[in-house]
Amino acid sequence: MTHYSWFSVFAKALGGNKGWDRAWRDPEPKAAYDVIIVGGGGHGLATAYYLAKEHGITNVAVLEKGWLGGGNTGRNTTIIRSNYMIDVNTHFYEKSLKLWEGLSKDLNYNAMVSHRKIYNLFHSPSQMEGFAKRYNIMRSCGIDGEILNREEVMKALPYLDYSPNARFPIYGAASQPRAGTARHDAVAWGYARGADMRGVDLIQNCEVTGYQRDASGAVVGVQTTRGDIKAKKVGIAVAGHTSQLAEMAGLNLPIESHLLQAFVSEPYKPLIDTVITFGAGHFYISQSDKGGLVFGGDLDGYNSFAQRGNFHLIDHLLPEGKAMIPCLSRLRFQRTWGGIMDMTMDGSPIICKSPVDGLYINCGFCYGGFKATPGSCWFFAHTIANDRPHEFNHTLTLPPPRRRYRMAEKRSPPMPRWH
C-alpha cells in the first residue's frame, strides 16, 4: 500500500493521479478470528488498529452493518480537549489528547487535527471560581490551561457581545490552547487504513444478529447477515446501539440512548478560528475548513435511536448562539443531523471485560465519544489483549465491583439526561 508523502502526491500528480492503491481491502469474512470488534466507527476501527500496533494481534475483524464511519463518527462536532477535573477523567482524556497530537504521523494519514484552542466563557463570579478550580487541578496534573479576564477575551474574540445590555455579561473565559478539532471522517479513514495495513479485515454490510455461545455460556463467536463467525474474543464498540448488542448476550447495561443534534450554517468568511462554549447555556461552536459554522447543544430530552432531531432544540439553541455572537442572526442553516449517544448515570464511560466470558464492552461516553477515540480505544485494546484493564480504566467497569463517582464533571447527580 502506498506510503503517503509529498513525493508520492507529486509523482502521482505527474501521472494524472492514476495508480493510487485502494485505502483498504474489501475482504470476505473468514470462518474464525482471534478478536472480532463489532462496530466500524472511530472506536471500533481504532481498537482494531491498537490491537495490531500495540499488541501484535492482527487476526482481527471489524464488522460494520453499514459503511465505515457512517454512524456517530460522521455525526459529531469534531471537538477534542482534555480540560477535565475528576482524577480518572483528567488522565484519561489527557492520554487521548496526546495521541491526537501525533495521530496523523502515526497513521500516515492527514486526520486534519487542528489545535486551535477552546474558550469556555463564564458569566458570573461563581462560574469563574468553578473554572479556576478545574483549571488549577488540570495544571497540577501537567495539563495546559489558563484563565482569561474580560479584557483578554475581548482581544481574542472581538465578535462576542460585550455590550452593556448583553443578556449574559462576559466576565472572562477558561482556555486550553492544545484543544481544538479534527476531521471526523478522516479519523475513521485513517484508522481503517492503518488497521488494514496491519492485517485487520474490515467487513462492511455485515450486521451482527446474535452471539454463538459454548456450554458454559461464554461468547465464542457472532451470528451475522453474512454467516456465523467464530472468535476467541468479541468487543462491542457501537455507541448508541450498545444496549441492543448487550441485550443479545443477556446483559442489561446501566445506559440510555439519547439523541444529540448538531448543525452547520452556510459557508462564511473566516470568523471563528477556535472553539467556543457558552457558559450561560449548553452551546458550542467552531468553524469548519469549508467555512460553515458548526455548532451544537444539549440533548433532545428523550430516549431515541433516531438520527434526526426535533425543532424544539433548534428553537432553544439559536437564541443562545445569537446572544453570544450577534452576527449569527444573518446566517442561514445549511443542514442539521443527529447522533445516538449511550449515556451512563454519572457521565463516565464503561471500558471493561463484561460479566459474560469472551465479551468486552466500550460504551457510555455521553458527549465525549469523539474526543476520547484514541485514548479510549488504546485502553480498550489493552483490556482485550491482556484480559485486565489499564490503570486509567480500572474503575470504568461493570459490577462487581463498580467504583464510580456519584458526581460528574458538571457537578450534577447521576441522571443521564443531565450529562
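Up top you'll find the structure we're talking about.
Rules of the game
Residues numbered from 1 in each chain as written. Predicted model: local features only at pLDDT ≥ 70, side-chain atom pairs only at ≥ 80, totals over all residues. Heavy atoms only, no water. Helix = DSSP H or I, 4+ residues; strand = E, 2+ residues; numbered from the N terminus. Rg over C-alpha atoms; globule rule 2.2 N^0.38 Å. Buried < 20%, exposed > 50% of the residue type's maximum accessible area, 1.4 Å probe, protein only. Contact = heavy atoms within 4.5 Å. Areas by Shrake-Rupley, 256 points an atom, 1.4 Å probe, with all protein chains shown as cover. Lys, Arg positive; Asp, Glu negative; His and termini not counted. Charge placed at Lys NZ, Arg CZ, Asp CG, Glu CD. Core = buried A, V, L, I, M, F, W, Y, C linked by side-chain atoms within 4.5 Å. Pairing = 2+ DSSP bridges. Axes fitted to C-alpha atoms, helices over the stretch in contact; angles between N-to-C directions. Left-handed = near helix turned anticlockwise from the far one by under 90°. Nonpolar A, V, L, I, M, F, W, Y, C, P; charged D, E, K, R; others polar. 1 Å grid on protein atoms, 1.4 Å probe; cavity = no way out; pocket = protein on both sides within 12 Å on 5 of 7 lines; lining within 4 Å. Points joined across faces, edges and corners; volume = space filled by probe spheres on them. Expected span 1.5 Å × (residues − 1). Salt bridge = Lys/Arg side-chain N within 4 Å of Asp/Glu carboxyl O. Patch = residues over 30% accessible without salt bridge, like charges linked within 9 Å, V, L, I, M, F, W, Y side chains within 5 Å.

Novice: Lay out the overall build of the chain with the relevant residues and their values.
Specialist: If you tally the helices and strands in the chain, you get ten helices and 18 strands. Taking 2.2 N^0.38 as the reference for a compact globule, 419 residues should give roughly 22 Å; the C-alpha atoms of the chain span a radius of gyration of 22 Å, in line with that estimate. In the chain, buried positions account for 54% of the 419 residues. By sequence separation, contacts in the chain at least 24 residues apart represent 73% of the contacts at least 6 residues apart. As displayed, the chain has an accessible area near 18,400 Å², and 53% of this comes from carbon and sulfur atoms. Where the 46 positive side-chain charges of the chain centre and where its 37 negative ones centre are 2 Å apart.

Novice: How would you summarise the nonpolar core if you had to cite specific residues and measurements?
Specialist: As a rule of thumb, nonpolar side chains are buried together in soluble globular proteins. Grouped together as the largest cluster of nonpolar side chains are 48 residues, with contacts concentrated most on Tyr-50 and Tyr-191. Of all elements in the fold, only β1 (32-38), α2 (42-55), β2 (60-63), α3 (87-101), α4 (103-107), α7 (184-197) and α10 (373-386) reach the threshold of two or more residues within this core. Tallying contributions element by element places α2 first for this core, with seven residues. Excluding its chain neighbours within four sequence positions, the residues that come into contact with Tyr-50 are His-55, Leu-99, Leu-103, Tyr-191, Pro-374, Cys-377, Trp-378 and Ala-381. Leu-63, Ile-203, Val-234 and Cys-363 belong to the second largest nonpolar core, which has 29 residues in total.

Novice: Can you lay out the sheet that holds strand β16 (residues 333-344) for me, pointing to particular residues and giving the numbers?
Specialist: Sheets are built from strands that pair by backbone hydrogen bonding, the pairs being arranged parallel or antiparallel. Spatially, the eight strands line up as an open sheet ordered β5-β6-β4-β13-β14-β15-β12-β16, and their pairing is mixed. Bordering the open sheet on either side are β5 (146-149) and β16, each of which pairs with just one other strand. Pairwise comparison of adjacent strand axes, ignoring direction, gives a mean angle of 25° for this sheet. Note that strand β4 (residues 118-122) and strand β13 (residues 275-278) share three bridges and pair parallel.

Novice: Before we move on, can you summarise the packing of α2 against α7 with the specific residues and values?
Specialist: The contact between α2 and α7 brings their axes to 8 Å, and the two run at 35°. Of the two possible hands of crossing, α2 and α7 adopt the one that is left-handed. Listed contacts from α7 to Leu-45, Ala-46, Ala-48, Tyr-49 and Tyr-50 of α2 are Ala-188, Tyr-191, Ala-192, Gly-194 and Ala-195. Across the contact of α2 with α7, the residue classes break down as nine nonpolar, one polar and no charged.

Novice: I'd love a proper account of the layout of surface pockets, names of residues and values included.
Specialist: When its volume is computed, the second largest pocket comes out at roughly 500 Å³. Considering the residues around the second largest pocket, the lining is formed by 23 residues, among which Arg-183, His-184, Ser-288, Lys-290 and Val-294 are closest to the centre. Ranked by residues supplied to the lining of the second largest pocket, first place goes to β16 with three residues. Residue classes in the lining of the second largest pocket are distributed as six nonpolar, eleven polar and six charged.

Novice: Please set out α3 residue by residue, giving values where relevant.
Specialist: Compared with an ideal rise of 1.5 Å per residue, which puts 15 residues at 21 Å, α3 spans 22 Å between its outermost C-alpha atoms and is within 8% of the ideal. Among all positions in α3, only Val-88, Asn-89, Thr-90, Phe-92, Tyr-93, Glu-94, Ser-96, Leu-97, Leu-99 and Trp-100 are buried.

Novice: Go over the pattern of salt bridges with me, naming the residues and quoting the values.
Specialist: Between side chains of opposite charge, a pair can form when the charged atoms approach closely. In total, this model carries 14 salt bridges according to the counting rule given. For Arg-116, the salt bridge goes to Asp-289, with nearest N and O atoms at 3.9 Å. Remark: Asp-289 occurs in the loop between β14 (283-287) and β15 (293-303) and Arg-116 occurs in the loop between α4 and β4; sequence separation between them is 173 residues. Taking relative accessible area as the criterion, Arg-116 reaches 17% and is therefore assigned buried. Ionic pairing is found between Asp-387 and Lys-353, a salt bridge with its closest N-O pair at 3.8 Å. With Asp-387 in the segment after α10 and Lys-353 in strand β17 (residues 350-353), this residue pair connects regions lying 34 residues apart in the sequence. For Lys-353, a relative accessible area of 36% gives the class partly exposed. Salt bridges here are not isolated pairs; linked through shared partners, they connect Glu-94, Glu-101, Asp-144 and Arg-178.

Novice: An account of a nonpolar patch on the surface is needed here, citing residue identities and associated values.
Specialist: A surface patch of nonpolar side chains, about 580 Å² in accessible area, is lined by Trp-6, Phe-7, Phe-10 and Leu-14. One can find Leu-14 in helix α1 (residues 6-14).

Novice: Can you lay out unusual backbone geometry for me, pointing to particular residues and giving the numbers?
Specialist: Not every positive phi belongs to a glycine, and Thr-78 is a case in point at roughly 65°. Mapped onto the secondary structure, Thr-78 falls in the loop between β2 and β3 (79-80). Under the relative-accessibility criterion, Thr-78 is labelled buried at 14%. Residue Met-112 is not a glycine yet carries a positive backbone phi of 55°.

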